[in-house]
Amino acid sequence: MKKRKMNIGLNDKGILRRTLLTISVFFLSLNTFASEPLYKDSSMPVESRIEDLMGRMTLEEKIFQLNQYTLGWNNNENNLGEEVKEIPAEIGSLIYFEEDPELRNLMQKKAMEESRLGIPILFGYDVIHGFRTIYPISLAQACSWNPALVKEACAVAAQESRMSGVDWTFSPMIDVARDPRWGRVSEGYGEDPYLNSVFGVASVEGYQGNNLSDTLSIAACLKHFVGYGASEAGRDYVYTEISPQTLWDTYLPPYEAGINAGAATVMSAFNDISGVPASANPYTLNDILKQKWNFDGFVVSDWAAINQLKEQGYTADNKEGTMRAINAGLDMDMMNHAYDRNLQALLEEGLVTQDVIDEAVRRILRVKFRLGLFENPYTSEVKDRFLRKSSLETASNLAAESMVLLKNDSTKVLPLKNFKKIAVIGPMAKTQKELLGSWNAHGNPEDVISFWEGINKEFGSTHEIRYAEGCDFDSDISNGLSDAMKLADWADIVIMCLGEKNNWSGENASRADIHLPAIQESLAQTISASGKPMVLILTNGRPLALDRIEPFFNAIVEAWQPGVAGGESLAGILSGRINPSGKLAMTFPLTTGQIPIYYNRRKSGRHHQGFYKDISSEPLYPFGHGLSYTDFEYSDIKISSSEIKKSDKVTATVSVKNIGEIPGYETVMWFVSDPFSTITRPVKELKHFEKVNINPGETREFSFEIDPLKDLGFVDNEGNKFVEPGDYYITVNDKRIKLTLTE
Ligand code: BGC
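Residues numbered from 1 in each chain as written. Predicted model: local features only at pLDDT ≥ 70, side-chain atom pairs only at ≥ 80, totals over all residues. Heavy atoms only, no water.

1. What to know about helix H16 (residues 451-459)
Our working definition: For every residue, the accessible area (1.4 Å probe, protein chains only) is compared with the maximum for its type, and the residue is labelled buried under 20%, exposed over 50%, or partly exposed between those bounds. What counts as a helix is a DSSP run of H or I of at least four residues, what counts as a strand is a run of E of at least two, and both are numbered from the N terminus. In this description, one arc is meant: the one made by directions from the helix axis to the C-beta atoms. Should any heavy atoms of two residues lie within 4.5 Å, those residues are counted as being in contact.
Of all the residues in H16, the buried ones are Phe 451, Trp 452, Gly 454, Ile 455 and Phe 459. Viewed along the axis of H16, the buried residues span an arc of 165 degrees, placing them on a single side of the element. In this structure, the buried side of H16 is in contact with strand S12 (421-425), strand S13 (464-468), strand S14 (493-499), strand S15 (534-539) and helix H19 (566-575).

Printed below as a string of structure tokens:
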């Protein structure tokens, strides 16, 4: 059947803008005779307050609003900048590195009392997976398939931040990432656009709460706009080659979802998108984000990215970089001294207009008003704000749901039974620091329950537990290999803790080969000679290549970098107190040479050919993989109608029965595939999922309401959404059903 494209119109932003302007002028006229300036009156609409304030500002005051400097001790070795000697009272924003609000309040006092108009400063910080109560890294969070829990964790992070003087986080990162060599895969939600959308929205909702002006909410920042996850060969900061079709299909959808969820700000990316850097890209910033999607918050550059336009070969100097960036729609300059030093001259030379500057200032003021900073500029310190009981419970639940049981062979060594003597071996067993992951804000290693501590608490009164390090993390010093071998001979079972240090992933932490360090692989091989049952516990920030060591283990648990409660949650999984329910949000290749390998690739004309000659072409563990201690049985899929029109909706249902002996969570994932279309589609695409606890013997029904445009449609290379009549397949687990869409 031939299909035809159907276009969907855009909404009229012109009408909205005109209406807002009329309302603002009306309120401005009401305030003409009041003694207090209108912008200070919280009962007035935000847009009127902005216009009033704009009318009072000098050019210099406006330009300062567009800059962000730093305050406090910067411990980020990737972000070195010019030392900030004197912060003007008129500065727009500061990255705040302190844990307590004292310094912030001092600086804010200067802004409120020494600047002419008393405009509050906006304090931002990288609160990526917790402020002090550190949660699992974002990639692990996605493996929980539990957005409600992620929202809860982000709300705790927001509260700790706001009570400590931070109003704005540079999170969530929603860069779809398909190359595990790239260290920043740890900061996002994996390889799938839909999963990044769902978790991006959950974190925006968690950070921002119901209302940004609540004193416990912070502003979110969607980053890095856009395409950063496509960094060539997994190397950080480099060029990306992204076709317009792939930009719309893969990289933009999570951002559109985040904007629709009300994200207050966006950060532009470091990468050069097919020749035009993201920090000065008028198509992505102005045309898509601001015009097409009506985003009315502001865009901040990434650290020093405006001056880096020169290194990218896009501009002759920082002045031209400033001109290109602001004209493209980049509103705030993070630590470049580009806007403060160049904007006035550019305006005088006619290369930047007053309108462009005003529009950027308006957007920044809008976020400050929405956050209630004019009314509540200071932070009152709350003494017991960190590591509260309920925050730790969330950390423990999220760590438990994020961990993925990758393997549990027919010997079923997990959950641990009938073993009395446990040998815990490996360089990651006692570490607290490495379990925090990268970007751990004010996380303190002493807060972390190590695997060793967790195992001792869980099994200490019933089992005999001993430890040997076995080897160093990555050097060739084998710290006590012979002790480890003796321990394995003594034990009934070996729990081996291997992995990556936390600075092996995150920013500027690419790896060319994603195997474990050779010394750790060799430890696994040596200890396996003991013939004892072996369980591997992995802590790492990216999918790893496990082909060389996987055969040595009866069971493998991917614990990720699980944060403060990691050891407790892991021990619960080992004992069976917790039934594992995590499933992979990113494919584990068999080996590095398969990269990129991800489930939603486009189809090949010869799917029976084109395999590697030297290795299997299948990943070791695919997207969605994750075992449980119970088993589930899926019914066939039922559908309310197998033929529908594009304006109809249809519901597909499937029943899932827990046929095992213990309760367990099952995540039911609904995929759609379109056998042929005018722009080819991936093999299959995730469209909906639900995670539910099912008791033994119980059957639960899961459903997916299919909206043809949203779930069967796709975009063209200009972002127009279409749905084409024809056949589609809906798949769940190993079941599938056909759905026909007519005109
Ligand atoms: C990173 C951003 C981060 C910013 C501020 C940059 O180097 O790419 O993700 O938010 O620094 O710390």
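That covers the picture; the talk isn't over yet.
2. Let's talk about the site of the ligand
Using the following cut-off: We define proximity as follows: a residue is near a molecule or strand when any one of its heavy atoms falls within 4 Å of that partner. Identification of polar contacts relies on pairs of N or O atoms within 3.5 Å, with a donor-acceptor requirement for protein atoms, meaning one able to donate a hydrogen and the other able to accept it, and with residues adjacent in sequence counted only if both atoms are side-chain atoms. The Shrake-Rupley method, run with a 1.4 Å probe sphere, supplies the accessible areas, and residue values consider only the shown protein chains as cover. For this scheme, ten residues count as nonpolar: Ala, Val, Leu, Ile, Met, Phe, Trp, Tyr, Cys and Pro. Four count as charged, namely Asp, Glu, Lys and Arg, and the remainder, Gly too, count as polar.
Not every one of the 13 residues close to the ligand is listed here, only the nearest: Asp 126, Arg 184, His 224, Asp 302 and Glu 507. Separating an oxygen atom of the ligand from a side-chain N or O atom of Asp 302 is a distance of 2.6 Å. Contact with the protein chains covers 98% of the free accessible surface of the ligand, which is 320 Å². Its residues assigned to classes, the shell around the ligand comprises six nonpolar, two polar and five charged.

3. Some remarks on the nonpolar core
Inclusion rule: The term nonpolar core refers to a set of buried residues drawn from Ala, Val, Leu, Ile, Met, Phe, Trp, Tyr and Cys, joined through side-chain atoms within 4.5 Å.
With 199 residues, the main nonpolar core has Leu 414, Ile 425, Ile 495, Ile 537 and Leu 574 as its most contacted residues. Core analysis: the next-biggest nonpolar cluster, separate from the first, contains 25 residues, Val 654, Val 656, Trp 670 and Phe 704 among them.

4. As for the packing of aromatic side chains
Stated formally: Two rings from Phe, Tyr or Trp (for Trp, the six-membered ring) form a pair when their centres sit within 6.5 Å of each other. Planes less than 30 degrees apart are called stacked, planes more than 60 degrees apart edge-to-face, and all others tilted. A positively charged side chain is recorded as over a ring if its NZ (Lys) or CZ (Arg) lies within 6 Å of the ring centre. The angle to the ring normal must also be within 35 degrees.
Taken as a whole and assessed by the stated rule, the structure comprises 26 aromatic pairs. When the ring of Tyr 96 is compared with that of Phe 123, the centres are 5.7 Å apart and the planes differ by 75 degrees; the resulting orientation is edge-to-face. Remark: Phe 123 occurs in strand S3 (residues 122-125) and Tyr 96 occurs in strand S2 (residues 93-96); sequence separation between them is 27 residues. Using a relative accessible area of 0% as the deciding quantity, one classes Phe 123 as buried. Plain terms: the ring middles of Phe 369 and Phe 374 are 4.0 Å apart, the flat faces sit at 10 degrees to each other, and that makes the pair stacked. Members of the aromatic cluster, joined through ring pairs, are Trp 145, Tyr 189, Tyr 194, Phe 199, Tyr 599, Phe 623, Phe 671 and Phe 689. Cation over ring: Arg 178 sits above Tyr 598, and NZ or CZ is 4.1 Å from the ring centre. Just above the ring of Tyr 314 sits the side chain of Arg 324; from NZ or CZ to the centre is 5.9 Å.

5. Notes on unusual backbone geometry
Here Ser 171 and Pro 172 are connected by a cis peptide whose omega angle stands at 5 degrees. Relative to the elements of secondary structure, Pro 172 occurs in the loop between strand S4 (168-169) and helix H7 (193-208). For the bond running from Phe 225 to Val 226, omega is 5 degrees, close enough to zero to count as cis. In this fold, Val 226 is placed in the loop between strand S5 (221-225) and helix H8 (244-251). In the Ramachandran plot, Ala 233 falls in the positive-phi region, its phi being about 60 degrees despite a non-glycine side chain.

6. Quick look at helix H4 (residues 102-114)
Applicable threshold: The span you would expect from a helix comes to 1.5 Å times its residue count less one.
Its 13 residues give H4 an end-to-end C-alpha distance of 18 Å, which sits within 8% of 18 Å, the value for a rise of 1.5 Å per residue. When we look at burial in H4, the residues that qualify are Arg 104, Asn 105, Met 107, Gln 108 and Ala 111. Here the buried residues of H4 occupy an arc of 165 degrees about the axis, which is enough to place them on one side. Exposed positions of H4 whose direction lies more than 90 degrees from the buried face are Glu 102, Leu 106, Glu 113 and Glu 114. Against the buried residues of H4 lie strand S1 (67-71), S2 and S3.

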